[in-house]
Amino acid sequence: MKSSIIDNIKALPPLSSTIVKINQIYADENSTIKDMGNAIEHDPMIVANILKIANSPLYGFGREIKNAAQAVSLFGMSMTRSIAIGNSIRKLLNVDMQPYRVTSDEFAHISSLQAALILDWYKKIDRQKAEKLYLAAFLQETGKILIASEVIQNDEAISFASEVENSNNLAMVEKAYVNATCGEVTALVFKHWGFDEEFIEMIHYSDAPSQAPSEVREFATALKIVKTVVAINKPFSEVSINFGLKIAQDAGYRVELLEESINNIMQSVF
C-alpha cells in the first residue's frame, strides 16, 4: 500500500460524537430501540439519510416512513447503526468518485444495493450472520474513496477510469495503481477508527477470501460475492451476476437462494 494512503488514513479525524454514542448503545445489551432513536434524532443528516433509505423501494415497508423513531423501529438497531455510520463516513471523507466514473450519489446507492442484497440473501441462511454482514457490505467499498483521491492527486484519473470501465477485476486495477485493494484500504480505515477485529478481517480478505482465516472466510466470501454482483462499474450486469454466481457455487452455496435475492433487488430498483 502506498505510504501516502497510509498517511491519509492516519490523518483521518475521529468519528462524530453521534457515531460514538450509537456504537456505545449498540454494544450495550441493555440498550433499547428508543435509546438508538434518541441518539440519532439530533443529527439531521443521519435522520435524513435513514428516512431516504427507509422510503426507498429496496426495503418495501409499504407505507411512508415519516420520522426517525419509525425508521429505527423497522430497521432495528444493527441496520440503523450501519446506515448512520455509512452516511457519516461518506460525509467525513469528502467523496469524489470521478476515477470510478460514478457520482457520489451513485456510489452511495451501490453501497446500499450491496447491503440490501446481502441482507435479502443471507437472512435465508442465518439471520444473525445477515445482520453482521449488512454493516460490512454497506461499508466495504469505503476504501475506494481514498483510492480515488490518490489517483486524482497522481493525475491518473483518466487512465484509471478507462481500466475500471472494462475490468472484471477491480481489485487488480486498484492494486496496480496504489499497491492495495479496496478491501485492504477499507480494513485499515476501520482499524484506525477502532472497529472490532472480526469486522476488519472480513473486509480485509473480501478481495481474496481463500486467504482469510477460517473464522472469517465465510463472511469474506459473502462480501466478495455481493460486490461482484453489484460491481461499482457494472452493477447487476449479466457478466457481474454470472461471476458472482460462479463464486457462490464454488464456495458451496445454494445458488438458487442467491439468484432469488438478486431478482428481488433488481425488481425493486429497475
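Here is what the cut-offs are and how they apply
Residues numbered from 1 in each chain as written. Predicted model: local features only at pLDDT ≥ 70, side-chain atom pairs only at ≥ 80, totals over all residues. Heavy atoms only, no water. Helix = DSSP H or I, 4+ residues; strand = E, 2+ residues; numbered from the N terminus. Rg over C-alpha atoms; globule rule 2.2 N^0.38 Å. Buried < 20%, exposed > 50% of the residue type's maximum accessible area, 1.4 Å probe, protein only. Contact = heavy atoms within 4.5 Å. Areas by Shrake-Rupley, 256 points an atom, 1.4 Å probe, with all protein chains shown as cover. Lys, Arg positive; Asp, Glu negative; His and termini not counted. Charge placed at Lys NZ, Arg CZ, Asp CG, Glu CD. Polar contact = N/O pair within 3.5 Å; in protein donor to acceptor, adjacent residues only side chain to side chain. Salt bridge = Lys/Arg side-chain N within 4 Å of Asp/Glu carboxyl O.

1. Things to note about the overall build of the protein chain
No. 1: Helix and strand content of the protein chain: 15 helices and 0 strands.
No. 2: In summary, the protein chain has a C-alpha radius of gyration of 18 Å against a globular reference of 18 Å for 270 residues, a match within 12%.
No. 3: Oriented by its inertia axes, the alpha-carbon framework of the protein chain measures out at about 50 × 45 × 35 Å.
No. 4: Within the protein chain, buried positions represent 53% of all 270 residues.
No. 5: Partitioning the contacts of the protein chain with sequence separation of at least 6, the portion at a separation of at least 24 is 64%.
No. 6: Of the roughly 12,400 Å² that the protein chain leaves accessible, carbon and sulfur atoms contribute 49%.
No. 7: Each charge sign in the protein chain was given a centre, from 25 positive and 33 negative side chains, and these centres are 3 Å apart.

2. Some thoughts on the side chain of Ser78
No. 1: Following the sequence through the fold, Ser78 ends up in helix α5 (residues 68-92).
No. 2: Engagement of the side chain of Ser78 in a polar contact is seen with the backbone oxygen of Glu131, the distance being 3.4 Å.
No. 3: Beyond its immediate chain neighbours, meaning those up to four positions away, Ser78 contacts Tyr26 and Glu131.

3. Let's talk about the pattern of salt bridges
No. 1: Scanning all chains against the criterion turns up 12 salt bridges.
No. 2: Here Glu174 and Lys144 are joined by a salt bridge, their closest N and O atoms 2.9 Å apart. With Glu174 in helix α10 (residues 170-178) and Lys144 in helix α8 (residues 143-153), the pair connects residues that are 30 residues apart, well separated along the chain.
No. 3: Judged by relative accessible area, which is 3%, Lys144 ranks as buried.
No. 4: The salt bridge partner of Glu256 is Arg254, with a shortest N-O separation of 3.0 Å.
No. 5: Each member of the salt-bridge network shares a partner with another, and the members are Asp120, Lys124 and Glu260.

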